Amino acid sequence: QVQLVESGGGLVQTGGSLRLSCAASGSIFRSSSIGWYRQAPGKQRELVAAITTIGITNYSASVKGRFNISRDNAKNTVYLQMNSLKPEDTAVYYCNTGWSLPLSSWGQGTQVTVSS
């Protein structure tokens, strides 16, 4: 079983940047694709970016070109660099194992708020 801890969220102005971190415990991390999800108030949780064990990435249309997902297997950590942030990016961000569907228990998430 892998445990996931998200961090790095905060309050930022439109156009700003943040880097989120997803730290994982458990040996399964290095053999798992990892996805970043977000959930805005009143909306369903959505997958915004994912990365395979060898670094293949995929992004939702809403963040493509602005967000970059990367991983450091030596540190058991996946990052989400978010640039050119918009108010509609405001959400709680979560990470999870899996390429297109979540396979592990959810962590507590990290709040990202983008002010206009």
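For clarity, every value in this text was computed on a predicted model and none was experimentally measured.

Caption draft 1: View of the packing of aromatic side chains. As enumerated under the stated definition, the model contains 2 aromatic pairs in all. The interplanar angle of 90° and the centroid separation of 5.1 Å between the aromatic rings of tyrosine 37 and tryptophan 106 together place this pair among those described as edge-to-face. A residue pair is termed long-range when its members are at least 10 positions apart, and tyrosine 37 in strand β4 (residues 34–39) and tryptophan 106 in the loop between β9 (91–97) and β10 (110–115) qualify at 69 residues. Accessibility expressed as a relative area gives 35% for tryptophan 106, which makes it partly exposed. With a centroid separation of 5.6 Å and 70° between ring planes, the pair formed by tyrosine 94 and tryptophan 106 is classed as edge-to-face. Placement of tyrosine 94 in strand β9 and of tryptophan 106 in the loop between β9 and β10 is noted, with a sequence separation of 12 residues between them. Grouping aromatic residues by their ring pairs yields a cluster made of Tyr37, Tyr94 and Trp106.

Caption draft 2: Spatial organisation of the pairing of strand β3 (residues 18–25). Pairing analysis gives 5 bridges linking strand β1 (residues 3–7) to β3, with the strands arranged antiparallel. The residue of β3 that forms the bridge with leucine 4 is alanine 24.

Rules used in this analysis
Residues numbered from 1 in each chain as written. Predicted model: local features only at pLDDT ≥ 70, side-chain atom pairs only at ≥ 80, totals over all residues. Heavy atoms only, no water. Phe/Tyr/Trp six-rings, centres within 6.5 Å; stacked < 30°, edge-to-face > 60°. Helix = DSSP H or I, 4+ residues; strand = E, 2+ residues; numbered from the N terminus. Buried < 20%, exposed > 50% of the residue type's maximum accessible area, 1.4 Å probe, protein only. Pairing = 2+ DSSP bridges.

In short, the description is geometric, and any link to function would need to be established separately.
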